[in-house]
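Coordinates in review
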Number of protein chains: 4
Amino acid sequence: MSTETVHSWAAVDLRAPITPEGRTMVGLLTGFDSRIRDEAGGNDRAGTFPVETFEGFAKTGLMGATVPKELGGLGVGKMYDVAVGLVALAEADASTALALHVQLSRGLTLTYEWRHGPAHVRELAERLLRSMATGEAAVCGGLKDAPGAVTELTPDGSGGWLLSGRKTLVSMAPIATHFFVHALKRAEEGPGTLAVPVVHRDTPGLTVLDNWDGLGMRASGTLDIVFDRCPVPATDILDRGEVGARRDAVLAGQTVSSITMLGIYAGAAQAARDIAVGICARRSSGVPAAARTLIAETDARLYALRTAAGAALLNADALSDDLTGDLDERGRRMMTPFQYAKMTVNELSMRVVNDCLTMVGGLSYSGDHPLARLYRDVRAGSFMQPYSYVDGVDYLSGQALDLDQDNDYMSVRALRSQAPS
Amino acid sequence: MSTETVHSWAAVDLRAPITPEGRTMVGLLTGFDSRIRDEAGGNDRAGTFPVETFEGFAKTGLMGATVPKELGGLGVGKMYDVAVGLVALAEADASTALALHVQLSRGLTLTYEWRHGPAHVRELAERLLRSMATGEAAVCGGLKDAPGAVTELTPDGSGGWLLSGRKTLVSMAPIATHFFVHALKRAEEGPGTLAVPVVHRDTPGLTVLDNWDGLGMRASGTLDIVFDRCPVPATDILDRGEVGARRDAVLAGQTVSSITMLGIYAGAAQAARDIAVGICARRSSGVPAAARTLIAETDARLYALRTAAGAALLNADALSDDLTGDLDERGRRMMTPFQYAKMTVNELSMRVVNDCLTMVGGLSYSGDHPLARLYRDVRAGSFMQPYSYVDGVDYLSGQALDLDQDNDYMSVRALRSQAPS
Amino acid sequence: MSTETVHSWAAVDLRAPITPEGRTMVGLLTGFDSRIRDEAGGNDRAGTFPVETFEGFAKTGLMGATVPKELGGLGVGKMYDVAVGLVALAEADASTALALHVQLSRGLTLTYEWRHGPAHVRELAERLLRSMATGEAAVCGGLKDAPGAVTELTPDGSGGWLLSGRKTLVSMAPIATHFFVHALKRAEEGPGTLAVPVVHRDTPGLTVLDNWDGLGMRASGTLDIVFDRCPVPATDILDRGEVGARRDAVLAGQTVSSITMLGIYAGAAQAARDIAVGICARRSSGVPAAARTLIAETDARLYALRTAAGAALLNADALSDDLTGDLDERGRRMMTPFQYAKMTVNELSMRVVNDCLTMVGGLSYSGDHPLARLYRDVRAGSFMQPYSYVDGVDYLSGQALDLDQDNDYMSVRALRSQAPS
Amino acid sequence: MSTETVHSWAAVDLRAPITPEGRTMVGLLTGFDSRIRDEAGGNDRAGTFPVETFEGFAKTGLMGATVPKELGGLGVGKMYDVAVGLVALAEADASTALALHVQLSRGLTLTYEWRHGPAHVRELAERLLRSMATGEAAVCGGLKDAPGAVTELTPDGSGGWLLSGRKTLVSMAPIATHFFVHALKRAEEGPGTLAVPVVHRDTPGLTVLDNWDGLGMRASGTLDIVFDRCPVPATDILDRGEVGARRDAVLAGQTVSSITMLGIYAGAAQAARDIAVGICARRSSGVPAAARTLIAETDARLYALRTAAGAALLNADALSDDLTGDLDERGRRMMTPFQYAKMTVNELSMRVVNDCLTMVGGLSYSGDHPLARLYRDVRAGSFMQPYSYVDGVDYLSGQALDLDQDNDYMSVRALRSQAPS
């Protein structure tokens, strides 16, 4: 076993990439570190998306970091490495990491479509991936319907489709060129079909609202998108199966889309820890008993959250390319450790940041203190799907008890939106 | 035992006042409830102090709620009742409760000075109390030196004193008419003396900065005050003894000054709970397992924090008027249960609010959602002296182990400010 | 307000009785303290019930502590005072406290029956109470059916009844003279009726098994009782209404029966704390940071659990004698704070004891160390009905959400025992 | 990267060995599984060491599992794999795993001595390792002095040494053939030297007491050993350096000696979880809300503790064979993640087992229920050195704050034993 590999063996705690491509990506990200740190406070207060930073990302190829090399990208293929990059980025600014996550995870899922999808999807994926690699395309998802809205596709009468509805919580939207919009095709009978039209920002009827005002993650450009009979050709629509089909195979793609986000909250917690320990270490009055206890517990918790995340990422990477077995089983085997890790990361990252404020004291309660920002940013974790804490309890206990239930949160939401309220 | 008293017996959980005067005060506060709720969100976002609300308080006599009746006040004398009022107020807006707390606790400590202080202090106290009762005087404290500053009194050469320095985190400052400024009189030898000059806002050299920008409690008007050789007559100075004297008797006054604040965090937690349970109850999709668990634990925690606070308040009330025994012992017997309750209230109120966001989901992550405000407001609790969490661990473990240590945080701070950094 | 009453006001933390009768009882219990402490370890290891201690209790009148004075008892009528006594007793030995609790709470509920029950029950209650006061009668409950058993009453054909079945977890059984056995009268139709036959130990067909071997509470004499067609006259049966009737009025009696047990776990936690702090204080190597932190948090948690329990007890006492309003509402108003306090006491007492072992270190891991006994004893709390933790979550969340559900755990159990498994 | 290696990449959660030798060992252990499970309850109650099981281990070569193949052993060289084996064993019986851990970790450290030690130690190590491989030698450590004792080496006047003192908490002692006894060589001046004489059980003056009576781990044969002027030749003594030398290099060996124990607590927690989930799944009355929540959190915590342990083990394995850099730095880099993981494993394993009792209910409170045994067994974790929780807080906070302190707990203990009490 080479020294290289020996080092990699130990690399479970998200401290270093495990592939050369990952190292290239992290190296490029490092170049932006001081700029992002400098702007983080101001962008947070004003709720401003760091457009110039993302222009820089585009120029250096970072917007195509997860695009295969043969399509012009950096070729980062391991979710573990993407998460390592997001840790580093989130240590500087969690909002920026959240926005870049959108693009990087899209690169991963599009690469899968490009390799394994049906012909028209492969073609669409290749086009988008090449464009992401050059920095031209910034591709957002649109998953959650705005309150009261049901985003739907209806036939335009000539073989194409019209998209109407409203999506909320679309991160990186200020610079988006395309949107993957999760929509419902209603059927004559039955609960309908889930589909994902890919819509260009310039499509008639599409409006990007400038309405983000979050408790935290304020520089992530997390906006609402309104669709008013936007035309979409049939070739730009990905099929996601029938509502209520209970195909756990979809859990694989949902894992790939979201699991690298664990790095964001690990990075936010690490940033808080470094600030707090630094302040404690510099105090001339010594380190009180409670602070020593909190420091030790904080470092233990950081290790636990990093290693739980790292292990779940390595597991997802190992299963990701293996399509030989039962795909439903594969979906659950990717999702379940992700959810173990997510529950751990969400709980412990909030705990770590909160304890860091306690160590530092009233100083950290100022609106422009980095710990105050992290206290707000880190709270986002438990709301992210799949799954929020509440839904995660249902999923994980259902797995443990072998309950028959619908694990596809997009399907559950679609069914719920059709229920009489 | 009359029915009245029987009911009072059970009144440990801060749900109802235990004296007629307390009921009057709470009744008056109720009249402002809808106004305060309506304005809370806007004031929070803008960081605006609710001046008109406090004008209303002044007109109804609430600014003199804790002034004895014989001096024109409402005569609320029980800390328990003040806390009950602050619970109700904080359910509407925690910032407003924090600001009014300044005035109400000042009424309590001034009443003590009026009854038990030396002659010149009795006179000063009476003057201020009468003025608080009419709504003319709004009296702030200035406890914490701004970073790097040491607020000091120096002789003016003709029997009076000059005050210079800078205080931070002075709540209710926008409408303050007077400031109780904790200052150091340096001695030729030894660590000096703690003194509290009472300074009118119009005193030459006094500047109220408009610099509050907290993570939360943003409408509490918590400002910095700068003193530049402000003249103070000797009769307007309260003596607080030598630095490092280790007189635990001072813990009594510090308890009275701060213990009613427990009501603020109880109220904030209750407000979050009511919002979250209301939303869960209205959801047509049923209440998931995790939400039921969180609701039950939340209600248990609310009860625990309310009763710990209530018991500590009743204890402080019982000991407050009894000056017959060892005053150091009395100080510790008031402070220790207060600190037990404070540690409990701080921890559980944060936990409750955090869990309420979890129950409600992403909806609560919007910057203008009441739960997002409460998440920021409630975090203030653990920073409040006496004692912050870290200092509270030192105090309480010192009590349990019978360690010889300085429990007067004002003295500890004064010593620390004189240490070589 | 007299000094006496002022002191009582502050008495929420279970440190002192609030009535003269309570003080008498606690004084008598104190006389047994050293004997109980001396025997606690040995009885625990051997699983021996302290028969001689209970003979001593009988001689001093403690077995009739909660019997009204007019019937020869000590006349302790406040649950709060009973709990104070159990705290003191559990500090010496939790098992002994658990066993005496059976007798003391029976005194309270029988007194209620004697005052408010139907004629034949009043007569039965008086007879038993007088006998408890003299120390002759020791009266156990039999609530939980042994696994697989259903304890039932069937007509004997001549107006009387026959009791068959098996009860488990009957504490104080070694010295019991009577058993209150919760049984089912099956009906031709419907789910049947709950009834409580009172059975003398010498009744033909009754066998007291000697089968207790608990993880903890090993000296509490918690045995199984087998009933094989035991004859019971109709006058010795208390009616508890139809299964599934959903009458929350029964929650009042269930509260009185169980709420004083909170004192047992408060006492166990206090004992652990005193041992651990004593050991830490004597160590010449100083008190490490983690131990100081744990000591402070332990004392805060002890206060929280004591005051939550104290407040719930005062609430139950206040409502107990008031039969003027809606009895269902009264039941819920007694049970709900009890459950808040129970969840708090159970969680925090386990936490406190566990942390005390951590402070003391490996020394406490010896099978005969008092902390090892407390670690096992304190674990019993969360299993006690009403309600276990799991059932308590259902009850409390149901209350918060205003759900229509059966809150009578005896009824729920009866229904469950009739369900096809 | 081969499929094999890909699978290994994901193997961070202690579910499968990462080397063929590890797989062989786990396979052999599996053969004992049902026997160990059958005997676990009885051995626990009686405090009996499973001598026949260890005879079986010896026959199959398991007592030499970590002995290099060239010396006749199974050649398991990865701590990760040893921990995987201990997980499996502890799922059947934690006591048995604790005892076998003694032998397996001794094989690892002796292999290191055999490869890197001075000549006389290499010779001693080879002799012992060959004997462990055949199943003849069972080698215990003796680390902790019995209360009041100081175990010391004094010259015998003719070049040899005499060992006197008493060690406590020596696991696997009933079948031990040799003891590695941590002893003090007092110097004329200075605090003396730490040394480890290797003593055969038949040495004159050595007595194995039969005094184990733990709260848990009752079948682990954890006894006291008394040494009364036992003769030890100089060649059988390993040097451990001066007391107070502050050489962090020793942390490497201490890590190897103890880190695989993490598997024991992971296995105990897993066993509790499987019992509890199995019972919940079989209940016909459905799974209540609180149980679903606890199940999900339990599985997430199990994953977190397994992956934290797994990552720390992989890190230790990676650094173990690398002696090229700064050995003090290597010691810290092995110990620090071990301590992160230990704090996590100890806390979460106790939490998991405790919650499993809560899920199952009163049924689990019986003295002979497997969950009752696990509740007692799992408590041992936080007492194990290095470090107990309290000492671990000092170590980890010292590392974070870069404090200059003695991290060698054997040295700290030796100094403490010499301090005036």
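- Going by the annotation in an unreviewed UniProt entry, the name recorded for chain A is Alkylation response protein AidB-like acyl-CoA dehydrogenase, with Streptosporangium brasiliense given as the source organism.
- Per its UniProt entry, chain A bears the Cofactor (unreviewed entry) comment "FAD".
- According to the UniProt record, the Sequence similarities (unreviewed entry) comment for chain A is "Belongs to the acyl-CoA dehydrogenase family."

1. Some details on the pairing of strand S1 (residues 139-142) of chain D
Residue and element names in this part refer to chain D.
- Of the two faces of S1, the one carrying Val-139 and Gly-141 and the one carrying Cys-140 and Gly-142 are both buried.
- Sheet topology places S1 next to strand S5 (residues 178-181); 4 bridges connect them, and they run parallel. Bridge pairing in S5 links Cys-140 to Phe-179.

2. Points about the interface of chain B and chain C
- Taken residue by residue, the interface counts 45 residues in chain B and 45 residues in chain C.
- In total, about 3,600 Å² of surface goes out of reach between chain B and chain C, with carbon and sulfur atoms giving 71% of it.
- If you look at where chain B meets chain C, you find 0 salt bridges.
- Our count for the contact surface shared by chain B and chain C stands at 10 residue pairs in polar contact (both at pLDDT 80 or more).

3. Some words on the UniProt feature "domain: Acyl-CoA dehydrogenase/oxidase N-terminal" (unreviewed entry) in chain A
- In the numbering used here, UniProt assigns the feature "domain: Acyl-CoA dehydrogenase/oxidase N-terminal" (unreviewed entry) to residues 34-136 of chain A.
- Counted over residues 34-136 of chain A, helix gives 74% and strand 0%. Its end C-alpha atoms are 25 Å apart.

4. Examining the relation of the copies chain B and chain C
- The operation relating chain B to chain C is a screw motion whose rotation component is 180°, with 0.0 Å of axial translation and a residual RMSD of 0.0 Å. Each copy turns onto its partner about a two-fold axis.
- When you check the interface residues of chain B against chain C, 100% turn up at the interface there too, and the contact is symmetric in its surfaces.

5. Observations regarding the packing of helix H5 (residues 79-92) of chain C against helix H6 (residues 94-116) of chain C
All names here are of chain C.
- At a closest axis distance of 8 Å, the pairing of H5 and H6 adopts a crossing angle of 160°. In this view, H5 runs roughly antiparallel relative to H6, as classed from their interaxial angle. H5 and H6 meet at a crossing whose hand is right-handed. Residues Met-79, Val-82, Leu-86, Leu-89, Ala-90 and Ala-92 of H5 pack against Ala-94, Thr-96, Ala-97, Leu-100, His-101, Leu-104 and Leu-108 of H6.
- A class-by-class count of the residues in the contact of H5 with H6 yields 11 nonpolar, 2 polar and no charged.

6. A short note on the environment of A:Arg247
All names here are of chain A.
- By the secondary structure assignment, Arg-247 is in the loop between strand S10 (237-242) and helix H8 (250-258).
- A relative accessible area of 42% means that Arg-247 is categorised as partly exposed.
- Along the primary structure Arg-247 and Ile-237 are separated by 10 residues, whereas in three dimensions their C-alpha atoms are 20 Å apart.
- The residues touching Arg-247, leaving out its near neighbours within four places in the chain, are Arg-240, Gly-241 and Asp-328.

7. Examining the environment of B:Thr307
- Within the secondary structure layout, B:Thr307 lies in helix H10 (residues 289-320).
- Given a relative accessible area of 0%, B:Thr307 falls into the buried group.
- Between the C-alpha atom of B:Thr307 and that of B:Pro118, which follows or precedes it by 189 residues, the distance is 36 Å.
- Setting aside residues up to four positions removed in sequence, B:Thr307 forms contacts with B:Val12, B:Asp13, C:Thr307, C:Ala308 and C:Ala311.

8. Here's the deal with the pairing of strand S7 (residues 193-200) of chain A
All names here are of chain A.
- Taken across its 8 residues, S7 has 6 buried, putting it largely inside the fold.
- Bridging between strand S5 (residues 178-181) and S7 involves 3 bridges; their strand directions are antiparallel. Looking at the pairing, Phe-179 lines up with Val-199 of S7.
- Alignment of strand S6 (residues 183-185) against S7, held across 3 bridges, turns out to be antiparallel. In the strand pairing of S7, Leu-184 is matched with Leu-194.
- Sheet analysis places S7 next to S10, joined by 4 bridges and oriented antiparallel. In the sheet register, Thr-193 faces S10, and the bridge partner there is Glu-242.

9. A short note on the relation of the copies chain A and chain D
- Note on the copies: chain A fits chain D at an RMSD of 0.0 Å, the axial shift is 0.0 Å, and the rotation between them is 180°.
- Comparing interface residues between copies, 100% of those in chain A also sit at the interface in chain D, which points to an isologous, same-surface contact.

10. Brief notes about the pattern of salt bridges
Residues and elements named next belong to chain A.
- For the structure on display, the rule yields 99 salt bridges over all chains.
- Taking the shortest distance from any N to any O, the salt bridge between Arg-376 and Asp-44 comes out at 2.6 Å. Here Arg-376 is found in helix H12 (residues 370-377), whereas its partner Asp-44 is found in helix H3 (residues 33-46), with 332 residues between them in sequence.
- Using a relative accessible area of 6% as the deciding quantity, one classes Arg-376 as buried.
- Because the salt bridges share partners, they merge into one network encompassing Glu-297, Arg-301, Arg-351 and Asp-355.

11. A word on the interface of chain A and chain D
- Contact residues are listed per partner, giving 45 residues for chain A and 45 residues for chain D.
- Note on chain A versus chain D: buried area summed over both sides is about 3,600 Å², and carbon and sulfur give 71% of it.
- Between chain A and chain D we count 0 salt bridges in total.
- At the boundary of chain A with chain D, the tally comes to 10 residue pairs in polar contact (both at pLDDT 80 or more).
- Of all the elements, helix H10 (residues 289-320) of chain A adds the most residues to the side of chain A that touches chain D, at 17 residues.
- Its residues placed into classes, the side of chain A that touches chain D shows 29 nonpolar, 9 polar and 7 charged.

Calculation notes
- Per chain, residue numbering runs from 1 following the sequence as it is written.
- Lettering of chains starts at A and numbering of ligands starts at 1, both following the order in which they are written.
- Given that the model is predicted, a residue must reach a pLDDT of at least 70 before its local features are reported, and side-chain atom pairs must reach 80 or more before they are shown or counted; all residues, however, enter totals for whole chains, interfaces and linings.
- The side-chain values count all of the structure's non-hydrogen atoms but skip hydrogen atoms and water molecules.
- UniProt positions are given in the numbering used here, feature names are shortened, and annotations may be inferred rather than shown by experiment.
- Summary of the burial criterion: residues with accessible area below 20% of their type's maximum are buried, those above 50% are exposed, and those between are partly exposed, where the area comes from a 1.4 Å probe applied to protein chains only.
- Counting from the N terminus, the helices are the DSSP runs of H or I reaching at least four residues and the strands are the DSSP runs of E reaching at least two.
- Should DSSP find at least two bridges between two strands, the strands are taken to pair.
- A contact between two residues is defined here by any heavy atoms of the two lying within 4.5 Å.
- Two parts lose some accessible area (1.4 Å probe) when they are put together, and adding that loss for both gives the buried area.
- Just to be clear on terms, a salt bridge is a Lys or Arg side-chain nitrogen sitting within 4 Å of an Asp or Glu carboxyl oxygen.
- Any pair of N or O atoms that falls within 3.5 Å is considered a polar contact. Within protein, one atom must be able to donate a hydrogen and the other to accept it, and sequence-neighbouring residues count only if both atoms are side-chain atoms.
- In superposing the copies, a least-squares fit is computed on C-alpha atoms, taking residues whose pLDDT is at least 70 in both.
- Angles shown run from 0 to 180 degrees and are taken between the N-to-C directions of axes, each axis being a line fitted to C-alpha atoms and, for helices, limited to the stretch in contact.
- These descriptions rest on fixed angle ranges, namely under 35 degrees for roughly parallel, over 145 for roughly antiparallel, 65 to 115 for roughly perpendicular, and the rest for oblique.
- In a left-handed crossing the near helix is turned counterclockwise from the far helix by less than a right angle, and in a right-handed crossing that turn is clockwise.
- Note that Gly is not counted as nonpolar here; it falls among the polar residues with everything else outside the nonpolar set of Ala, Val, Leu, Ile, Met, Phe, Trp, Tyr, Cys and Pro and the charged set of Asp, Glu, Lys and Arg.

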